[in-house]
Amino acid sequence: CIIPDAETGWFTERHPLIRDDRPAQVTYTSGTEGKPKGIVLTYSNLADAADRIIDQMDLTPEVREYVGVPATYSFGMGRIRAISAVGGHAYLPPRGFDPLELSRMLQSGEVNSLSAVPTLLRIILNAPDVIGDAGKKLRWMEIGSQFMSGAEKRGVRDLFPNARIVQHYGFA
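Notes on the structure in this doc start here. As the structure is a prediction and not an experimental result, all values here were calculated from the model. (Residues numbered from 1 in each chain as written. Predicted model: local features only at pLDDT ≥ 70, side-chain atom pairs only at ≥ 80, totals over all residues. Heavy atoms only, no water.)

1. Considerations on the nonpolar core
The nonpolar side chains of a soluble globular protein tend to be buried with one another. If you look at the biggest cluster of nonpolar residues, it comprises 44 residues, and the most contacted ones within it are Leu59, Tyr66, Leu102, Leu114, Leu121, Met141 and Phe160. Setting aside residues up to four positions removed in sequence, Phe160 forms contacts with Leu106, Ile131, Gly135, Leu138, Met141 and Ile165. (Core = buried A, V, L, I, M, F, W, Y, C linked by side-chain atoms within 4.5 Å. Buried < 20%, exposed > 50% of the residue type's maximum accessible area, 1.4 Å probe, protein only. Contact = heavy atoms within 4.5 Å.)

2. Points about the pattern of salt bridges
Considering all chains together, one arrives at ten salt bridges under this definition. Put simply, Glu110 and Arg104 hold a salt bridge, and the shortest N to O gap is 2.9 Å. A salt bridge links Arg122 to Glu152; its shortest N-O distance comes to 2.6 Å. Pair noted here: Arg122 is in helix H4 (residues 118-125) and Glu152 is in helix H5 (residues 150-159), with a separation of 30 residues, a long-range link. Judged by relative accessible area, Arg122 falls into the partly exposed class, the value being 23%. Within the structure, one salt-bridge network assembled from shared partners comprises Glu65, Arg79 and Glu142. (Salt bridge = Lys/Arg side-chain N within 4 Å of Asp/Glu carboxyl O. Helix = DSSP H or I, 4+ residues; strand = E, 2+ residues; numbered from the N terminus.)

3. Overview of H5
The α-helix winds at 3.6 residues per turn, so residues separated by three or four positions along the chain end up facing the same way. Buried within H5 we find Glu152, Gly155, Val156 and Leu159. Viewed along the axis of H5, the buried residues span an arc of 100°, placing them on a single side of the element. The exposed residues of H5 that point more than 90 degrees off its buried face are Arg154 and Asp158. The secondary structure elements touched by the buried residues of H5 are H4, strand S7 (140-144) and strand S8 (164-168). (Arc of directions from axis to C-beta.)

4. Considering the packing of helix H1 (residues 43-57) against helix H2 (residues 74-86)
When two helices pack together, you describe them by how their axes are tilted relative to each other and by the distance separating the axes. Two elements in contact, H1 and H2, have axes separated by 9 Å at closest approach and are oriented at 70°. What the angle tells us is that H1 and H2 run roughly perpendicular. By crossing handedness, the relation of H1 to H2 is classed as right-handed. Contacts between H1 and H2 pair Leu46, Ala50, Ile53, Ile54 and Met57 from the former with Arg79, Arg81, Ala82, Ala85 and Val86 from the latter. Considering only residue class, the contact of H1 with H2 consists of eight nonpolar, no polar and two charged. (Axes fitted to C-alpha atoms, helices over the stretch in contact; angles between N-to-C directions. Parallel < 35°, antiparallel > 145°, perpendicular 65-115°, else oblique. Left-handed = near helix turned anticlockwise from the far one by under 90°. Nonpolar A, V, L, I, M, F, W, Y, C, P; charged D, E, K, R; others polar.)

5. Concerning the packing of aromatic side chains
Applying the stated criterion across every chain, the model contains three aromatic pairs. Pairing Trp10 with Tyr91 gives two aromatic rings, centres 5.2 Å apart and planes at 55°, and the pair type is tilted. Note that Trp10 is positioned in strand S1 (residues 10-11) and Tyr91 in strand S5 (residues 89-91), a separation of 81 residues in sequence. Under the relative-accessibility criterion, Trp10 is labelled partly exposed at 21%. For the pair Tyr66 and Phe97, a centre-to-centre distance of 6.0 Å together with 80° between the ring planes defines the contact as edge-to-face. Of this pair, Tyr66 sits in strand S4 (residues 64-67) while Phe97 sits in the loop between S5 and helix H3 (99-108), placing them 31 residues apart in sequence. (Phe/Tyr/Trp six-rings, centres within 6.5 Å; stacked < 30°, edge-to-face > 60°.)

6. Quick notes on the environment of Asn162
Within the secondary structure layout, Asn162 lies in the loop between H5 and S8. Among the residues examined, Asn162 registers a relative accessible area of 51% and is labelled exposed. C-alpha separation for the pair Asn162 and Lys137, spaced 25 residues apart in sequence, amounts to 7.1 Å. Ignoring any residue separated from it by four or fewer positions in sequence, one finds Asn162 in contact with Lys136, Leu138, Arg139 and Arg157. A polar contact is formed between the side chain of Asn162 and the backbone oxygen of Lys136, at a distance of 2.9 Å. (Polar contact = N/O pair within 3.5 Å; in protein donor to acceptor, adjacent residues only side chain to side chain.)

Written out as structure tokens, the structure is:
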């Protein structure tokens, strides 16, 4: 378990992806197609998912991500894994997702990427002035976990017009 400095929340260590077929993580399904069950994911499975995200997002070592999702869940862990693999930096907000902090960090150039779920993005969409022009500085965004309407997606695009946005469901 690697814990970032509690004062800053920055994780800057570089870790190459592990490609072994040994068990790495147990995740649980919701039972969408039957009974809920535990699934064993290998290091190779996790590396494959990270490789695809890195490729689709065209991530580079320049990524400085505001990780707006818990790092203790698969989405957050997956983001940290991908960012670390390319040599970028991840910021884990000490008090959880904070739109004012995100806006300030975008404006100052401290961050240029965001991982968020639609619930968090809806908070921003309900108060777009919080982000304002700082949204133009976002280069990457990954959205995960749930449905977003077309209007919500357009709203996110309008707030972050220069970002490469990837939305997924079922990240490991």
